[in-house]
Amino acid sequence: QVQLVESGGGLVQAGGSLRLSCAASGLTFTNYAMGWSRQAPGKEREFVGTIRLSGNGFYANSVKGRFTISRDNAKNTVYLQMNSLKPEDTALYYCVVDAPPLSGNYYSTGGYDYWGQGTQVTVSS
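These numbers were taken from a predicted model, which means no experiment stands behind them.

Peer 1: Would you take a moment to explain the sheet that holds strand β3 (residues 18–25) for this structure?
Peer 2: Sheet strands pair via backbone hydrogen bonds, and the direction of the pair is either parallel or antiparallel. Strand order in this open sheet of 4 strands is β1-β3-β8-β7, and the pairing throughout is antiparallel. Two strands close off the open sheet at either side, each with one partner strand: β1 (3–7) and β7 (67–72). Taken pair by pair, the neighbouring strands of this sheet meet at an average axis angle of 15°, ignoring direction. One ladder, built from 5 bridges, connects β1 with β3; its direction is antiparallel. Note on β3: the bridge partner recorded for leucine 4 is alanine 24.

Peer 1: Would you take a moment to explain the pattern of salt bridges for this structure?
Peer 2: Close approach of charged atoms allows side chains of opposite charge to pair. This structure, assessed with the given rule, holds 4 salt bridges. Measuring nitrogen to oxygen at the nearest pair gives 2.8 Å for the salt bridge that ties aspartate 89 to arginine 66. Taken together, the positions of aspartate 89 in the loop between β8 (77–82) and β9 (91–98) and arginine 66 in the loop between β6 (57–59) and β7 put the pair 23 residues apart, joining distant regions of the chain. Classification of aspartate 89 by relative accessible area gives buried; the value is 1%. Among the charged side chains, a network of salt bridges with common partners joins Arg38, Glu46, Arg66 and Asp89.

Peer 1: Can you help me understand the side chain of arginine 52 in this one?
Peer 2: Relative to the assigned elements, arginine 52 resides in the loop between β5 (46–51) and β6. We classify arginine 52 as buried; its relative accessible area is 8%.

Peer 1: Help me understand the packing of aromatic side chains, please; the structure alone is not making it clear to me.
Peer 2: Any pair of aromatic rings gets described here by the distance separating the centres and the angle formed by the planes. The tally for this structure, following the rule as stated, stands at 5 aromatic pairs. With centroids separated by 5.1 Å and ring planes inclined at 45°, the aromatic side chains of phenylalanine 58 and tyrosine 106 adopt a geometry described as tilted. Here phenylalanine 58 is found in strand β6, whereas its partner tyrosine 106 is found in the loop between β9 and β10 (114–115), with 48 residues between them in sequence. Of note, arginine 71 hangs over the ring of phenylalanine 29, and the distance from its end group to the ring centre comes to 4.5 Å.

Calculation rules
Residues numbered from 1 in each chain as written. Predicted model: local features only at pLDDT ≥ 70, side-chain atom pairs only at ≥ 80, totals over all residues. Heavy atoms only, no water. Pairing = 2+ DSSP bridges. Helix = DSSP H or I, 4+ residues; strand = E, 2+ residues; numbered from the N terminus. Axes fitted to C-alpha atoms, helices over the stretch in contact; angles between N-to-C directions. Salt bridge = Lys/Arg side-chain N within 4 Å of Asp/Glu carboxyl O. Buried < 20%, exposed > 50% of the residue type's maximum accessible area, 1.4 Å probe, protein only. Phe/Tyr/Trp six-rings, centres within 6.5 Å; stacked < 30°, edge-to-face > 60°. Lys NZ or Arg CZ within 6 Å of the ring centre and 35° of its normal.

In short, the description is geometric, and any link to function would need to be established separately.
Have a look at this one:
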């Protein structure tokens, strides 16, 4: 059974940084692409970014250049480094897993098979 446990959320001022972590279990981590999605109050879930098996990262335009995803295969953990945070980044952030066969539609939240419980990020102005 795949389990994803996110941590690292919190309250930060605009312009600040946070690093989210997601510890995964119940899967052969190196066979899965990982990512992050988010949901702001009153809005639909949206794709944030993904790191593929190649190690390449792909990001939503709204976070490109500010957010970076990385993974530590030895620790079965994926990270989301968020810099230059804006109030509009306020959301519940979910760790997501793209299971084999990997989705070719990884910019869509529908391309992910497993979701964590989420960690709240609040950016004050």
